[in-house]
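Structural overview
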Amino acid sequence: MLTTYQRVLWSGFALSPALILLALPQGVVNAAIAEVGPSVILAIAWMVAFGAAHFARQAIDNRRERPAPLLDLPTLRSPPEDLPGAPEIRARLFQILRSAPPLTTEYGGAEPETPDYALRRIIERIFASWGVRGVAELDTDRLHEVWQLQELVRAAPDRAGELAQHFVNPDVLLDIRDRIVEIDRRRRDYDAQLSAFRATCRAWEQAERTKARSSLLVALKRLDRPDPDLWHKVIAAHDAGDPDQRAAALWCARQPGCQRASVALFLANAAANLQFEAAARNGDTRWLDGMHEVIENWNGKRYGARDMGLTPPDSVAAAAPILAAQLDRLAEITGAPRWPEPRGVFAEYHGRAPRPRDHWSLADGGLSAPPQIADYIEPVDLYAA
């Protein structure tokens, strides 16, 4: 099949003699043929054709090689007023392009990539499509495009949707953002789980050295990093009749990093076990004060973690009237104003299952075995090449 260049060239060869004869006055053509002959006229026509084809090919190649812009034309002509200056943009891009790739851990496999490294790979691919080797070669328009790209992938959902409308392919940009958000979520989860594992290793080593027995609550407080999966285990499996376990479960539910599903389960179980009424009759003001704090924290939207689910997801959905009745009884017994109910707590909770914490014994009050890394980091993270 002929290329565009070949079609232009041969078309020029075939048509240029006729075009020249048509373009020139008849008298000039007759005089030229008489003076130099038809062969010279044909040679000149071929030279014209070759030149035209050459410049046509350059125009075609330039059009083909010039990459399409990321931003639409109005945005390129009128960039946002709050756009940083070129030096600041270049400095930020240099920082992104120095983001380190995932490292191989001492536990085997490579850690998940960071969102900055994922953004680096995207920018490097854009540079390759533009035919530039680095930030220094970017003109003002390209700097603005890459800056607004990295702004979009870091923006909140509403803001990202607004920014995407300034790009030529908004759906593609939003898909890139969604992927980086997922990379960020996975990396944060990995870092948090690894931190909890190392904290548990330190606690185990200390327990092995001292051989001192302590309460479950004390053992939980000794961990110097949060472990919401452990807190969920305590909340779900504690014996409400054991004062130490009951206090440990309440402490877990009061932690700001406690999962919303765990808090919902804690309140549902406390209501089902009639713990509010029992605490009021026994004068257990410390437990009641802690429960009041949990409800205030919930209504104050202080529990933000929501990636953990329940099995089944609607396992606490029917607990609302039970808790309401318990709060009624609490007010009757104590004579104090009725507490507000936690708004929207008894819903369906979809999400991941809690990770195992079988090396913790609630009855024994602490660690019963050393932690295993596979209980903290999923195999896809641990063994991926």
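Residues numbered from 1 in each chain as written. Predicted model: local features only at pLDDT ≥ 70, side-chain atom pairs only at ≥ 80, totals over all residues. Heavy atoms only, no water.

1. A word on the overall build of the protein chain
Counted only if it meets this: Think of it this way: any DSSP run of H or I at least four residues long counts as a helix, any run of E at least two long counts as a strand, and we number them from the N terminus. For each residue, the accessible area found with a 1.4 Å probe, counting protein chains only, is set against the maximum for its type, and the residue is called buried under 20%, exposed over 50%, and partly exposed in between. In what follows, a contact means two residues having at least one pair of non-hydrogen atoms within 4.5 Å. Throughout, the Shrake-Rupley method with a 1.4 Å probe supplies accessible areas, and for residues the shown protein chains are the sole cover considered.
Looking only at helices and strands, one finds 17 helices and 2 strands in the protein chain. Relative to its 385 residues, the protein chain shows a buried fraction of 41%. Contacts in the protein chain between residues at least 24 apart in sequence constitute 71% of all its contacts with a sequence separation of at least 6. Working note: accessible area of the protein chain is about 21,600 Å², and carbon and sulfur atoms make up 56% of it.

2. Describing unusual backbone geometry
In this structure, the amide linkage connecting Thr311 to the following residue, Pro312, adopts the cis form with an omega of -5°. Summarising the element assignment, Pro312 is placed in the loop between α15 (285-299) and α16 (320-334). Positive phi, normally seen in glycine, also occurs at Leu274, with a value near 55°. In this fold, Leu274 is placed in the loop between α13 (260-272) and α14 (275-282). Its identity is not glycine, yet Lys301 carries a phi of approximately 60°, on the positive side. Note on placement: Lys301 falls in the loop between α15 and α16.

3. Brief notes about the packing of helix α6 (residues 115-130) against helix α7 (residues 140-154)
Here is the rule we go by: Here an angle of 0 to 180 degrees is reported between the N-to-C directions of two axes, which are lines fitted to C-alpha atoms, with helices fitted over the stretch in contact. For classification purposes, an angle smaller than 35 degrees is called roughly parallel, one larger than 145 roughly antiparallel, one from 65 to 115 roughly perpendicular, and anything else oblique. In this scheme, a crossing is called left-handed if the near helix is turned counterclockwise away from the far one by less than a right angle; it is called right-handed if the turn is clockwise. Under the scheme applied here, ten amino acids are nonpolar (Ala, Val, Leu, Ile, Met, Phe, Trp, Tyr, Cys and Pro), four are charged (Asp, Glu, Lys and Arg), and all others, including Gly, are polar.
As a packed pair, α6 and α7 sit with axes 12 Å apart at the nearest point and diverge in direction by 150°. Here α6 lies roughly antiparallel to α7, going by the angle between them. In the crossing of α6 with α7, the sense of the turn from one axis to the other is right-handed. Facing α6, whose interface residues are Asp116, Leu119, Ile122, Ile123, Ile126, Phe127 and Trp130, α7 presents Arg142, Glu145, Val146, Leu149, Gln150, Val153 and Arg154. Here the contact of α6 with α7 is built from residues that sort into 9 nonpolar, 1 polar and 4 charged.

4. A few points about the pattern of salt bridges
Applied cut-off: The rule for a salt bridge is simple: a side-chain nitrogen of Lys or Arg has to be within 4 Å of a carboxyl oxygen of Asp or Glu.
Using the criterion set out here, one finds 25 salt bridges in the structure. The partner of Arg355 in a salt bridge is Asp189, and the shortest N-O contact between them spans 2.8 Å. Here the residue Arg355 occupies a position in the loop between α16 and β1 (360-361), and Asp189 occupies one in helix α9 (residues 170-210), the gap between them amounting to 166 residues. Residue Arg355 is classed as buried on the basis of its relative accessible area, which comes to 10%. Classification of Asp189 by relative accessible area gives buried; the value is 17%. When the shortest N-O distance is used, the salt bridge between Arg338 and Asp328 registers 2.5 Å.

5. Quick notes on the packing of aromatic side chains
Inclusion rule: Note on ring pairs: Phe, Tyr and Trp rings are taken, using the six-membered ring of Trp, and paired if centres are within 6.5 Å. Classes follow the plane angle, with under 30 degrees stacked, over 60 edge-to-face and the rest tilted.
One pass over the structure, following the stated rule, counts 6 aromatic pairs. Aromatic pair Phe197 and Tyr376: ring centres 5.4 Å apart, planes at 65°, arrangement edge-to-face. Taken together, the positions of Phe197 in helix α9 and Tyr376 in the loop between β2 (366-367) and α17 (379-382) put the pair 179 residues apart, joining distant regions of the chain. For the pair shown, Phe197 and Tyr376 are each scored as buried. An angle of 90° between the planes, with centres 6.2 Å apart, marks the rings of Trp231 and Trp251 as edge-to-face. Residue Trp231 is found in helix α11 (residues 228-237), and its partner Trp251 is found in helix α12 (residues 243-254); the two are separated by 20 residues along the sequence.

6. Concerning the side chain of Gln150
How we decide: Polar contacts, as used here, are pairs of N or O atoms within 3.5 Å; protein pairs need one atom able to donate a hydrogen and one able to accept it. Residues neighboring in sequence count only if both atoms are side-chain atoms.
Among the secondary structure elements, Gln150 is positioned in helix α7. A polar atom in the side chain of Gln150 sits 3.2 Å from the side chain of Arg154. Discounting chain neighbours no more than four positions away, the residues touching Gln150 are Arg92, Ile96 and Leu119.

7. Quick look at the state of the cysteines
The criterion, for reference: The term disulfide is used for any two cysteine sulfur atoms that are within 2.5 Å.
Applying the stated criterion across every chain, the model contains 0 disulfides. The cysteine Cys252 is free of any disulfide, with Cys258 supplying the nearest cysteine sulfur at 6.9 Å.

8. Focus: the environment of Phe346
Tracing the sequence through the fold places Phe346 in the loop between α16 and β1. The contact partners of Phe346, leaving out residues within four places of it in the chain, are Ala264, Leu267, Ala268, Val316, Ala317, Ala319, Ala320 and Leu323.

9. Digging into the packing of helix α5 (residues 86-97) against α6
It is at 8 Å that the axes of α5 and α6 come closest, and there the two elements cross at 110°. One element, α5, and the other, α6, form an angle in the roughly perpendicular class. In this structure, α5 contributes Arg92, Leu93, Ile96 and Leu97 to the contact, and α6 contributes Asp116, Leu119, Arg120, Ile123, Glu124 and Phe127. Here the residues of the contact of α5 with α6 are counted per class, giving 6 nonpolar, no polar and 4 charged.

10. Some thoughts on α7
Residues spaced three or four apart along an α-helix face the same direction, because each turn holds 3.6 residues. Which entries qualify depends on this criterion: Multiplying 1.5 Å by the helix residue count minus one yields the expected span of that helix.
In this model, α7 (15 residues) spans 22 Å end to end at C-alpha, consistent with the 21 Å of a helix rising 1.5 Å per residue. When you tally the buried positions in α7, you get 11 out of 15 residues, the bulk of the element. Residues of α7 that are buried include every one of Arg142, Leu143, His144, Glu145, Val146, Trp147, Gln148, Leu149, Gln150, Leu152 and Val153, and no others. Contacts made by the buried residues of α7 are with α4 (73-77), α5, α6, α8 (157-164) and α9.

11. A few points about the side chain of Arg92
Along the chain, Arg92 falls in helix α5. What makes Arg92 buried here is its relative accessible area of 19%. Apart from the residues within four sequence positions on either side, Arg92 is in contact with Asp116, Trp147, Gln150 and Arg154.

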